[in-house]
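Below, each chain spelled out in residue letters.
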Amino acid sequence: MTVDFRSRVRRGGLRGAALLAWLAEIPAGERDAAFEQLLGIDDTPAQRPLGEGRMGYMPSGIAAIVRTVLDAPIGPDDVFVDLGSGLGKVAIAVHLLTGARARGVEVQADLATRARARAHDLALDVAFVEGDALDADVDDATVFFLYLPFTGEVLAGVMKRLRAIAERKPIVVCALGLDLHHSDWLVERPTQEFWLAIYDSRL
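Bear in mind the structure is a predicted one, so any value in this text is a computation, not a measurement. (Residues numbered from 1 in each chain as written. Predicted model: local features only at pLDDT ≥ 70, side-chain atom pairs only at ≥ 80, totals over all residues. Heavy atoms only, no water.)

Draft legend 1. Region of interest: the overall build of the protein. Regarding its fold elements, the protein presents 7 helices and 7 strands. Helices (α) and strands (β) of the protein occur, in sequence order from the N terminus, as α-α-α-α-β-α-β-α-β-β-α-β-β-β. In summary, the protein has a C-alpha radius of gyration of 16 Å against a globular reference of 17 Å for 203 residues, a match within 12%. Structurally, the protein occupies a C-alpha span of about 50 × 35 × 30 Å along its principal axes. Every one of the 203 residues in the protein was classed for burial, and the buried ones make up 50%. (Helix = DSSP H or I, 4+ residues; strand = E, 2+ residues; numbered from the N terminus. Rg over C-alpha atoms; globule rule 2.2 N^0.38 Å. Buried < 20%, exposed > 50% of the residue type's maximum accessible area, 1.4 Å probe, protein only.)

As structure tokens, this is what we get:
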């Protein structure tokens, strides 16, 4: 069954509303497993220490990804960047749901390599860059996604970079598991979701 759905993705199907309808047919508690199986990322990679302030692999839930797409909202004219993209679940899902240009930045080379392979296998134009969010080229992005990829001084350095981008153009920052209230250049939107925070730049 999964092979059939992968074939649909390769042929340009299972996008937008069709993907939402496919997800809706799956019981809520099984959606993440089904979507990860569809992408071919349903095995958990080995964890290894990444240094102070850097978190290990933690895939985002598909419910949070869909909510981000709808609430941001993200459209085909956006450039979406997932900082700490792991195996590519978020960037691929956002591209499939919206048609936006999407890419991930991942410090772990093996995860970035696997994410690129999965995007290639599904014939998707989604890029995955092996690199550090502190110095990766992300200046073209309009929407950033962070699911607790780093803390402390690393997070402070990344937010300094994002602020520099926001000084040139408006950006949206979507955060899971991160409190960004200390960034006075961001304004949090009201939301019903306690696990998702969406911020607009105000510089």
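Draft legend 2. Examining helix α7 (residues 152-166) more closely. Given a rise of 1.5 Å per residue, 15 residues ought to cover 21 Å, and the 21 Å separating the end C-alpha atoms of α7 matches this to within 8%. Among all positions of α7, only V154, L155, V158, M159, L162, I165 and A166 are buried. For α7, the angular spread of buried residues about the axis comes to 130°, placing them on one side. Residues of α7 that are exposed and point over 90 degrees away from its buried face: E153 and K160. Elements in contact with the buried residues of α7: β1 (79-83), β4 (143-147), β5 (172-176), β6 (186-188) and β7 (196-201). (Expected span 1.5 Å × (residues − 1). Arc of directions from axis to C-beta. Contact = heavy atoms within 4.5 Å.)

Draft legend 3. View of empty space enclosed by the protein. In total, this model carries 1 cavity of 30 Å³ or more according to the counting rule given. The volume enclosed by the largest cavity comes to roughly 310 Å³. As for the largest cavity, its lining consists of 29 residues, and the residues nearest its centre are G84, S85, G86, E106 and P149. Counting residues per element, the ones that place at least two in the lining of the largest cavity are α5 (89-98), β2 (101-106) and β4. The residue makeup of the lining of the largest cavity, split by class, is 16 nonpolar, 8 polar and 5 charged. (1 Å grid on protein atoms, 1.4 Å probe; cavity = no way out; pocket = protein on both sides within 12 Å on 5 of 7 lines; lining within 4 Å. Points joined across faces, edges and corners; volume = space filled by probe spheres on them. Nonpolar A, V, L, I, M, F, W, Y, C, P; charged D, E, K, R; others polar.)

Draft legend 4. Seen up close, the pairing of β4. Extensive coverage of β4 is indicated by the burial of 4 of its 5 residues. Relative to β4, β1 runs parallel, the two being bridged by 3 bridges. The residue bridging D82 from the neighbouring strand is F145, located in β4. Across 5 bridges, β4 lies against β5 in parallel orientation. Along β5, the bridge assignment pairs F144 with V173. (Pairing = 2+ DSSP bridges.)

Draft legend 5. Spatial organisation of the nonpolar core. Core analysis: the biggest nonpolar cluster contains 45 residues, and L19, W22, F35, I74, F80 and V126 have the highest contact counts within it. Broken down by element, this core gets its largest block of residues, 7 residues, from α5. Every residue in contact with I74, bar those within four places of it in the chain, is listed here: T68, V69, F80, V94, T98, A100 and V143. In terms of nonpolar packing, the next biggest core, distinct from the first, is built from 27 residues, A133, V138, V154 and V173 among them. (Core = buried A, V, L, I, M, F, W, Y, C linked by side-chain atoms within 4.5 Å.)

Draft legend 6. The arrangement of the packing of helix α1 (residues 2-10) against helix α3 (residues 31-39) in detail. Orientation of α1 relative to α3, taken along the N-to-C sense of each, is 65°, at an axis distance of 9 Å. When you trace α1 past α3, the crossing you get is right-handed. Contacts between α1 and α3 involve T2, F5, R6 and V9 from the former and Q37, L38 and L39 from the latter. Looking at the contact of α1 with α3 residue by residue, the class counts come to 4 nonpolar, 2 polar and 1 charged. (Axes fitted to C-alpha atoms, helices over the stretch in contact; angles between N-to-C directions. Left-handed = near helix turned anticlockwise from the far one by under 90°.)

Draft legend 7. View of the layout of surface pockets. When its volume is computed, the largest pocket comes out at roughly 210 Å³. Lining of the largest pocket is provided by L20, L23, A24, A28, R31, D32, I62, A63, V66, R67, E193 and W195. Among the secondary structure elements, those contributing two or more residues to the lining of the largest pocket are α2 (16-24), α3 and α4 (62-71). The dominant element in the lining of the largest pocket, judged by the number of residues it contributes, is α4, at 4 residues. Along the lines of polarity and charge, the residues of the lining of the largest pocket split into 8 nonpolar, no polar and 4 charged.

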